[in-house]
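# Report on the structure
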Amino acid sequence: MNNSITFPTTPEAFIADQEKRAGRKFDDSMCELLGGYVELFNMGFDAGVKGLEPLNIAKDTVEFFAKRGELEELEQPIMRHFCACTQHWYNEAYRQGKEAAQ
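Our subject in this report is the structure included herewith. Quick caveat: nothing in here was measured; it's all calculated off a predicted structure.

Topologically, Q87 is positioned in helix α4 (residues 77-101). Judged by relative accessible area, Q87 falls into the buried class, the value being 13%. If we ignore the near neighbours within four places in the chain, the residues touching Q87 are L55, N56, I57 and A58.

Set out below in structure tokens:
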């Protein structure tokens, strides 16, 4: 994955980048969802700047679905892909935060 996004970022910039990667425009509900995740990614950037421990989104997601008794949901390819992408962008934001702190 090419990491052309600079964090912290805006929902509009992140969504535009993701639409370009996907080769299509997203509907309003997808834009709203991604906008919420931008806040998480920017928090990852801040955590990197402050030298805090990064989140393990994959682990937290498994724990969330396990508590709900819905682990089978995570077996769906689209869910695995979504979780992997979310972790990737959080890690990238965190990395950029650590670099910005130096």
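Time to look at α4. Along its 25 residues, α4 runs 36 Å from first to last C-alpha, staying within 8% of the 36 Å computed at 1.5 Å per residue. For α4, the set of buried residues is C83, C85, T86, Q87, W89, Y90, E92, A93, Y94, Q96 and G97. Buried residues in α4 make contact with α1 (11-22), α2 (28-50) and α3 (57-67).

The next thing to look at is the packing of aromatic side chains. For the structure shown, the criterion picks out 7 aromatic pairs. Plain terms: the ring middles of Y37 and F82 are 5.3 Å apart, the flat faces sit at 85° to each other, and that makes the pair edge-to-face. Taken together, the residues span a long stretch of sequence, with Y37 in helix α2 and F82 in helix α4 at a distance of 45 residues. With a relative accessible area of 24%, Y37 lands in the partly exposed category. The class for F82 is partly exposed, based on a relative accessible area of 25%. Three or more aromatic residues joined by ring pairs make a cluster, and in this case those are F7, F14, Y37, F41, F82 and W89.

The amide bond that connects F7 to the next residue, P8, takes the cis arrangement and shows omega of -5°. Within the fold, P8 resides in the segment before α1.

Size it by volume and the largest pocket reaches roughly 470 Å³. Lining the largest pocket are 18 residues, with Q18, M30, H81, F82 and C85 positioned closest to its centre. At the level of elements, α1, α2 and α4 are the ones that each hand at least two residues to the lining of the largest pocket. Among the elements that make up the lining of the largest pocket, the one with the highest residue count is α4 (7 residues). When its residues are assigned to classes, the lining of the largest pocket shows 13 nonpolar, 3 polar and 2 charged. Taken as a whole, the second largest pocket holds about 210 Å³ of empty space. If you go around the second largest pocket, the residues you meet are Y37, L55, I57, D60, T61, F64, F65, M79, F82, C83 and T86. Secondary structure elements with two or more residues in the lining of the second largest pocket: α3 and α4. For the lining of the second largest pocket, the leading source of residues is α3, giving 5 residues. A class-by-class count of the residues in the lining of the second largest pocket yields 8 nonpolar, 2 polar and 1 charged.

Cut-off values and rules
- Residues numbered from 1 in each chain as written.
- Predicted model: local features only at pLDDT ≥ 70, side-chain atom pairs only at ≥ 80, totals over all residues.
- Heavy atoms only, no water.
- Helix = DSSP H or I, 4+ residues; strand = E, 2+ residues; numbered from the N terminus.
- Buried < 20%, exposed > 50% of the residue type's maximum accessible area, 1.4 Å probe, protein only.
- Contact = heavy atoms within 4.5 Å.
- Expected span 1.5 Å × (residues − 1).
- Phe/Tyr/Trp six-rings, centres within 6.5 Å; stacked < 30°, edge-to-face > 60°.
- 1 Å grid on protein atoms, 1.4 Å probe; cavity = no way out; pocket = protein on both sides within 12 Å on 5 of 7 lines; lining within 4 Å.
- Points joined across faces, edges and corners; volume = space filled by probe spheres on them.
- Nonpolar A, V, L, I, M, F, W, Y, C, P; charged D, E, K, R; others polar.

Taken by themselves, the reported measurements are silent on function.
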